[in-house]
Amino acid sequence: QVVLVESGGGLVQAGGSLRLSCAASGTIRSINDMGWYRQAPGKEREFLARITSVGSTNYADSVKGRFTISRDNAKNTVFLQMNSLKPEDTAVYYCNADVRGLYGRYNYWGQGTQVTVSS
């Protein structure tokens, strides 16, 4: 019913930057929290950043000072600006959204976008 689609991943050199986007579409009354996670091969999914509907943010220690989460409520889109990228940032990045639909609230995940940081 609701689909999240990430974009903006790719290959970047260490020290470089990428900006990820995640757009939600479908039957949406409103979106509460949105967030970004990542999963590297052989590791569990890791929380990175979260933003509420009014713009309050929370970050994992591993990305504080380097990554910035933001959102455009009018476009149902969340962004992740990633600066000073390191090889250890290489992972599949997923967005997450807590969506209020017509009859209830649901949690959705995007399909993921690959970020590869070369040394």
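The structure this text deals with has already been given above.
As the structure is a prediction and not an experimental result, all values here were calculated from the model.

Enquirer: Could you clarify how one ought to interpret the pattern of salt bridges in this entry?
Expert: Between side chains of opposite charge, pairing is possible as soon as their charged atoms come close. Throughout the structure, instances matching the rule amount to 5 salt bridges. Where Arg38 meets Asp89, a salt bridge forms, and the shortest distance between an N and an O atom there is 2.8 Å. Of this pair, Arg38 sits in strand 4 (residues 30-39) while Asp89 sits in the loop between strand 8 (77-82) and strand 9 (91-100), and the two are 51 residues apart along the sequence. Among the ionic pairs, Asp89 bridges to Arg66, the shortest N-O distance being 2.7 Å. Taken as a pair, Asp89 in the loop between strand 8 and strand 9 and Arg66 in the loop between strand 6 (57-59) and strand 7 (67-72) lie far apart in primary sequence, 23 residues in all. Taking the relative accessible area as the measure of exposure, Asp89 reaches 1% and is therefore buried. The class of Arg66 is buried, set by a relative accessible area of 10%. Each of Arg38, Glu46, Arg66 and Asp89 takes part in a single network of salt bridges with overlapping partners.

Enquirer: What's the story with the pairing of strand 8 in this structure? I'm lost.
Expert: Two faces make up the sheet, and in a regular strand the side chains alternate between them. The buried fraction of strand 8 amounts to 5 of the 6 residues, a majority that puts the element mostly inside the structure. Bridge count for strand 3 (residues 18-26) against strand 8 is 6 bridges, and the pairing is antiparallel. Each bridged residue has a counterpart across the sheet, and for Arg19 the counterpart in strand 8 is Gln81. As judged from the 6 bridges shared by strand 7 and strand 8, these two strands associate in the antiparallel manner. Within strand 8, the residue paired with Asp72 across the bridge is Thr77. Taken together, strand 7 and the strand that follows it, strand 8, pair antiparallel across an intervening segment of 4 residues, in which Asn76 is found at a positive phi of about 50°.

Enquirer: So what exactly am I meant to see when it comes to the pairing of strand 10 (residues 105-109) here?
Expert: Bridge count between strand 9 and strand 10: 5 bridges; the pairing is antiparallel. Note that in strand 10 the partner of Val99 across the bridge is Tyr106. Once strand 9 ends, the chain turns through 4 residues before running back antiparallel as strand 10.

Enquirer: Can you help me understand unusual backbone geometry in this one?
Expert: Residues other than glycine predominantly adopt negative phi, and peptide bonds predominantly adopt the trans conformation. Even without being a glycine, Asn76 presents a positive backbone phi close to 50°. Mapped onto the elements, Asn76 comes out in the loop between strand 7 and strand 8. Accessibility expressed as a relative area gives 23% for Asn76, which makes it partly exposed.

Enquirer: Would you mind showing me how to read the side chain of Arg38 here?
Expert: The buried category is assigned to Arg38, whose relative accessible area is 8%. At 2.8 Å, the side chain of Arg38 and the side chain of Asp89 are in polar contact. Those residues in contact with Arg38 that sit more than four places away from it in its chain are Glu44, Arg45, Glu46, Leu48, Ser62, Val63, Phe67, Glu88, Asp89, Ala91, Val92 and Tyr93.

About the criteria used
- Residues numbered from 1 in each chain as written.
- Predicted model: local features only at pLDDT ≥ 70, side-chain atom pairs only at ≥ 80, totals over all residues.
- Heavy atoms only, no water.
- Salt bridge = Lys/Arg side-chain N within 4 Å of Asp/Glu carboxyl O.
- Helix = DSSP H or I, 4+ residues; strand = E, 2+ residues; numbered from the N terminus.
- Buried < 20%, exposed > 50% of the residue type's maximum accessible area, 1.4 Å probe, protein only.
- Pairing = 2+ DSSP bridges.
- Polar contact = N/O pair within 3.5 Å; in protein donor to acceptor, adjacent residues only side chain to side chain.
- Contact = heavy atoms within 4.5 Å.

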